[in-house]
Amino acid sequence: MKLDLIETFLATLTHGSIRAAARQMNLSQPGVSRKLRQLEEELGVALLQRSAQGVALTDYGEAFARRARTIVNETQRAVDEVAQMRGEREGVVRIMLAPASSVDWVARAVRLFQRDCPGVRLDIFEGMQEQAVERLRGGSLDFAVSPLWQALPESEFQVDVLQSMEMAVITRREGRFRNCRHLTELISAPWLHVGAGSHVSPLVIDLFRHFGLSAPPPQMESYSLTSTLAFLLDSDAVTLLPAKFSRQPLYAPVLTELPISDPLPTQSLYLVQRRESPLTPTSAILAGHVRRVAAQLER
């Protein structure tokens, strides 16, 4: 099976129609249609349903698309790796960060990486475990940095601890709940649950359960630092985040930690990568800087 057939299939999915894919790939529409038919003939199944509105995946197409993305991403990674082994510092490194967890070290690690690999583009995506696992499996990330709500299969992922983070209940400085000292006072508070992919953060569930309480239902679940900040600053919402987040000079004037007397948990921050997809030389350089900077902050 030729790689260009797979790339044509993915381009058609990305752009939503054969016409748009042809325009993007600088091919004729009959040329794209011919490649798609050839791919389907090789597989012996229909991958796409064509209509005047565009294309939709069949069940076979859904399954094939997941593998196809991995094939294309890993092929590009292999090309980049060979070039880097020849001494060329070029290509792209793609990582995903849990932003509140990495706020105290990410800029330093990136500066060191750009010093060592000035010709390499760095793409940084924002997300938590659920999004990171999906994209790592699809081959579109080199590695992720995130807390883990659930253990990952050791046969599939390599997981290294970067930091142990003190957690805090955080709200805006003038928020209605800013002086609360006990979790029982926060059961009725508008909780913002930071995206764990389960609607209610497992950390919040475990925290309240430890004291024999039911976890408060979320008023909002956020996967974005921008949305989290906007909601915190324009409401009386409270949330459970790494304490270091509210202590950063940028956020300290507007956010505050509640003086909770109940003991709060710590949360580990991890570097996660797929075992079957070794880091390229340049992504390994960035991962090394991330580990070293995180370790320095642990001391």
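The preceding data block contains the structure.
Chemist: Got a sec to walk through the side chain of Glu40? Specific residues and values, please.
Modeler: Its location among the elements puts Glu40 in helix H3 (residues 29-43). Of the residues examined, Glu40 reaches a relative accessible area of 12% and is grouped as buried. In terms of polar contacts, Glu40 uses its side chain to reach the backbone amide nitrogen of Leu48, at 3.2 Å. In this structure Glu40 touches Val45, Ala46, Leu47, Leu48 and Arg50, once residues within four positions along its chain are discounted.

Chemist: So, the packing of helix H2 (residues 18-25) against H3: which residues are in play, and what are the values?
Modeler: Between H2 and H3, the least distance of the axes is 8 Å, while the angle of their chain directions is 110°. As judged from the angle between their axes, H2 and H3 are roughly perpendicular. Across the interface between the two elements, Ile18, Arg19 and Ala22 from H2 touch Gln29, Val32, Ser33 and Leu36 from H3.

Chemist: An account of the environment of Cys117 is requested, with residue identities and associated values reported.
Modeler: As for its placement among the helices and strands, Cys117 is situated in the loop between helix H6 (106-116) and strand S4 (121-126). Taking the C-alpha atoms as reference, Cys117 lies 17 Å from Val293; in sequence the two are 176 residues apart.

Chemist: Lay out the packing of aromatic side chains in plain terms, naming residues and giving numbers.
Modeler: Under the criterion given, the structure shown has 3 aromatic pairs. Seen in terms of ring centroids, Trp191 and Phe208 are 5.6 Å apart; in terms of plane orientation they differ by 80°. Their pairing is edge-to-face. Of this pair, Trp191 sits in strand S7 (residues 191-194) while Phe208 sits in helix H8 (residues 202-210), placing them 17 residues apart in sequence. A single burial state applies to Trp191 and to Phe208, both of which are buried.

Chemist: I'd love a proper account of helix H11 (residues 281-298), names of residues and values included.
Modeler: Compared with the 26 Å implied by 1.5 Å per residue over 18 residues, the 26 Å span of H11 between its first and last C-alpha is a close match. Among the residues of H11, those classed as buried are Thr282, Ser283, Leu286, Ala287, Gly288, His289, Val290, Val293 and Ala294.

Chemist: Tell me about the side chain of Gln129, and please be specific about residues and values.
Modeler: Within the secondary structure, Gln129 sits in helix H7 (residues 129-137). A distance of 3.0 Å separates the side chain of Gln129 from the backbone oxygen of Gln150, its partner in a polar contact. In this structure Gln129 touches Ser146, Pro147, Leu148, Trp149, Gln150 and Leu152, once residues within four positions along its chain are discounted.

Chemist: Explain the environment of Arg66 to me, using residue names and the numbers behind them.
Modeler: Mapped onto the fold, Arg66 is located in helix H4 (residues 59-85). For Arg66, a relative accessible area of 53% puts it in the exposed group. As for Arg66 and His289, which are separated by 223 residues in sequence, their C-alpha atoms are 31 Å apart.

Chemist: Could you give me a rundown of the packing of H6 against H11, with the residues and numbers involved?
Modeler: In helix packing, the relevant descriptors are the interaxial angle and the interaxial distance, both defined with respect to the helix axes. Two elements in contact, H6 and H11, have axes separated by 9 Å at closest approach and are oriented at 145°. Viewed along their axes, H6 and H11 form a crossing whose handedness is right-handed. Together, Arg108, Ala109, Leu112, Phe113, Arg115 and Asp116 of H6 and Thr282, Ile285, Leu286, His289, Val290, Val293, Gln296 and Leu297 of H11 make up the contact between the two elements. Residues of the contact of H6 with H11, tallied by class, amount to 8 nonpolar, 3 polar and 3 charged.

Chemist: Before we move on, could you go through unusual backbone geometry and cite the residues and values that matter?
Modeler: Of note, the phi angle at Asn26 is positive, near 60°, even though the residue is not glycine. You can see Asn26 is positioned in the loop between H2 and H3. For Asn26, a relative accessible area of 72% gives the class exposed.

What counts and what doesn't
- Numbers given for residues are sequential positions, taken from 1 along each chain in its written order.
- The model is predicted, so local features are restricted to residues of pLDDT at least 70 and side-chain atom pairs to those at 80 or more, both for listing and for counting; the totals for chains, interfaces and linings are taken over all residues.
- No hydrogens and no water enter the side-chain calculation; it runs on all heavy atoms of the structure.
- Runs of E in the DSSP output that reach at least two residues are strands. Runs of H or I that reach at least four are helices, and both are numbered from the N terminus.
- Exposure categories follow from relative accessible area, calculated using a 1.4 Å probe and restricted to protein chains: below 20% of the type maximum is buried, above 50% is exposed, and the middle band is partly exposed.
- Within 3.5 Å is the distance limit for a polar contact, defined as a pair of N or O atoms, with the added protein rule that one can donate a hydrogen and the other accept it, and that residues adjacent in sequence qualify only through two side-chain atoms.
- We call two residues contacting when some pair of their heavy atoms lies within 4.5 Å.
- Axes here mean lines fitted to C-alpha atoms, for a helix over just the part in contact, with angles spanning 0 to 180 degrees between N-to-C directions.
- By definition in this entry, angles of less than 35 degrees are roughly parallel, angles greater than 145 are roughly antiparallel, angles of 65 to 115 are roughly perpendicular, and the rest are oblique.
- In this scheme Phe, Tyr and Trp rings, the latter by its six-membered ring, pair at centre separations within 6.5 Å, and the angle between planes marks the pair as stacked below 30 degrees, edge-to-face above 60, and tilted otherwise.
- What a helix is expected to span follows from its residue count: subtract one and scale by 1.5 Å.
- Definitions for this section: a left-handed crossing has its near helix turned counterclockwise from the far helix by less than a right angle. A right-handed crossing has that turn clockwise.
- Gly counts as polar in this scheme, as do all residues outside two lists: the nonpolar Ala, Val, Leu, Ile, Met, Phe, Trp, Tyr, Cys and Pro, and the charged Asp, Glu, Lys and Arg.

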